[in-house]
Amino acid sequence: MLQFPENYFQEEVRCGFTVSETMKRYWAAEMEVLQTIIEICENHNLTYYAFWGTLIGVVRHKGFIPWDDDIDIAMKREDYTKFLQIAGKELPAGWHMRNIYEEEEWTQYHSIVTNELAVDISEERLSRFHGCPFVAGVDVFPLDYLPRDRQAAEMQKSLLEMVHAVVTSVKYLYTDMRDATQEEIWEARGAVEEGLVELEKVCRISFDRSKSLENQLLRLFDRICMLYGSEEADLLTSYPDYIKGRDFFLQKEWLGTADKSFENMMLTVPSDFDKVLRAYYGDYMVFEKNTQAHGYPIYKKELAMLHERGLWLNVRE
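Draft legend 1. Looking closely at unusual backbone geometry. With omega at -5°, the peptide bond leading from Tyr296 into Pro297 counts as cis. For Arg204, which is not glycine, the phi torsion reads 55° and is therefore positive. For Arg204, the location among the structural elements is in the loop between helix H6 (182–203) and helix H7 (213–225). A positive phi angle, close to 50°, is found at Glu263, a residue other than glycine. Its place among the elements puts Glu263 in the loop between strand S10 (257–262) and strand S11 (265–270).

Shown next, in the form of structure tokens:
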């Protein structure tokens, strides 16, 4: 277990932003998950990097961005693949590796390691995770190789865009058409089927219409991301961002390793972390608040549920 000084969990103002005691305990729980991931990586000679907002936090704050509430790491595809194969067997009992290969209804391109799937206010859970009853996890992203052959790169991107377009159509059909007319629904189904048929023709595969189409499409997307390896490329990218219009390219030599402090831990970061951050964020030293894809704090619904049931009433956001 990681050790924290008792005053670590006191409410604190950082960069003009109030970080509550509850958030501090949530941070600590996430760091426990990260520490376990680090140990697995060290035991199997895998390299991870603090990435995205976590990397900004490491460089700019020596810890969490004060208004951030999650931890992001990234791995080169070869290490990411090995990690997915190993972690499920070595994570502590009750922990979960969540991704398209473990859960048919998973809808994200990356993986998440979590310490549970539900809130738990048992003494054992609170003791293990520094008084945090919420589900705590770490996002794990793959970095893939962009082939130096331009024609191959254009073909790969085109395929990924096709798959992503059909994924979007499937999501629209099954989540956003509750109030649609029958005619609109049939039109949307036709668009999905047209996209599936085209992908089957181009990729020489078959989709099982009786199973989750989104899961099959996300698996196909992942397979296309893996088409090329290090020996065929000088650059890496995050394909989900790249195909959405974010020209994010990393030189292989930027991804050496260095160690930097993060709260009370040491994390591995890209050796040329400044170039990595500027490639994606531009001037990452400019503070931008409220940029999370989810609402802050991430455990807001879980906390409200506890309060509704008369539990944990002494805790606020």
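Right, picking up where we left off after that structure.
Draft legend 2. Here's a closer look at the environment of Gly131. Topologically, Gly131 is positioned in the loop between helix H4 (123–128) and strand S7 (137–147). Classification of Gly131 as buried rests on a relative accessible area of 19%. Taking the C-alpha atoms as reference points, Gly131 and Ile298, 167 residues apart in sequence, are found 16 Å from one another.

Draft legend 3. Structural context of the pairing of strand S6 (residues 111–114). Burial along S6 is two-sided: the residues Ser111 and Val113 and Ile112 and Thr114 are all buried. One ladder, built from 3 bridges, connects strand S5 (residues 96–98) with S6; its direction is antiparallel. Within S6, the position partnered with Met97 by the bridge is Val113. Bridge count between S6 and S7: 4 bridges; the pairing is antiparallel. In the sheet register, Val113 faces S7, and the bridge partner there is Val138.

Draft legend 4. Inspection of the side chain of Asp222 at higher detail. In this structure, Asp222 sits in helix H7. The exposure class of Asp222 is buried, given its relative accessible area of 7%. Setting aside residues no more than four positions away along its own chain, Asp222 makes contact with Arg77, Ile100 and Tyr101.

Draft legend 5. Focus on helix H9 (residues 273–281). Of all the positions in H9, only Val276, Leu277 and Tyr280 are classed as buried. With its buried residues spanning 90° around the axis, H9 presents them on a single face. Looking at the buried positions of H9, the neighbouring elements they touch are helix H2 (52–61), helix H8 (239–242), strand S9 (250–251) and S11. Of the residues flanking the end of H9, it is Gly282, one or two places downstream, whose phi is positive at about 75°.

Draft legend 6. Spatial organisation of the pattern of salt bridges. In the structure shown here, the tally under the stated rule is 14 salt bridges. Residue Arg98 is joined to Glu103 by a salt bridge in which the shortest nitrogen-to-oxygen separation is 2.6 Å. Judged by relative accessible area, which is 23%, Arg98 ranks as partly exposed. A salt bridge links Lys171 to Glu214; its shortest N-O distance comes to 3.6 Å. Of this pair, Lys171 sits in helix H5 (residues 150–175) while Glu214 sits in helix H7, placing them 43 residues apart in sequence. Its relative accessible area of 32% is what places Lys171 among the partly exposed residues. Salt bridges linked by common partners bring Glu12, Arg14, Lys24 and Glu263 together as one network.

Draft legend 7. Focus on the side chain of Ser212. By the element assignment, Ser212 lies in the loop between H6 and H7. A relative accessible area of 14% places Ser212 in the buried class. A distance of 3.1 Å separates the side chain of Ser212 from the backbone nitrogen of Asn215, its partner in a polar contact. In contact with Ser212, not counting residues within four places along its chain, are Glu104 and Glu105.

Draft legend 8. Region of the structure containing the nonpolar core. Within the largest apolar cluster, 70 residues are counted, with the highest numbers of intra-cluster contacts made by Met31 and Phe83. Residue contributions to this core peak at 12 residues, all from helix H1 (residues 21–43). When sequence neighbours within four positions are dropped, the list of residues in contact with Met31 reads Leu2, Phe4, Tyr8, Phe64, Ile71, Phe262, Glu263, Asn264 and Met265. Listed in part, the 31 residues of the second largest apolar core include Tyr109, Val163, Val166 and Val170.

Draft legend 9. Molecular detail of the pairing of S11. Among the 6 residues that make up S11, 5 are buried, leaving the element largely enclosed by the rest of the structure. Examined bridge by bridge, S10 and S11 share 6 bridges and lie antiparallel to one another. Along S11, the bridge assignment pairs Phe262 with Met265. The hairpin turn running from S10 into S11, its antiparallel successor, is 2 residues long, and Glu263 in that turn takes a positive phi close to 50°.

Rules of the game
- Residues numbered from 1 in each chain as written.
- Predicted model: local features only at pLDDT ≥ 70, side-chain atom pairs only at ≥ 80, totals over all residues.
- Heavy atoms only, no water.
- Helix = DSSP H or I, 4+ residues; strand = E, 2+ residues; numbered from the N terminus.
- Buried < 20%, exposed > 50% of the residue type's maximum accessible area, 1.4 Å probe, protein only.
- Pairing = 2+ DSSP bridges.
- Contact = heavy atoms within 4.5 Å.
- Arc of directions from axis to C-beta.
- Salt bridge = Lys/Arg side-chain N within 4 Å of Asp/Glu carboxyl O.
- Polar contact = N/O pair within 3.5 Å; in protein donor to acceptor, adjacent residues only side chain to side chain.
- Core = buried A, V, L, I, M, F, W, Y, C linked by side-chain atoms within 4.5 Å.

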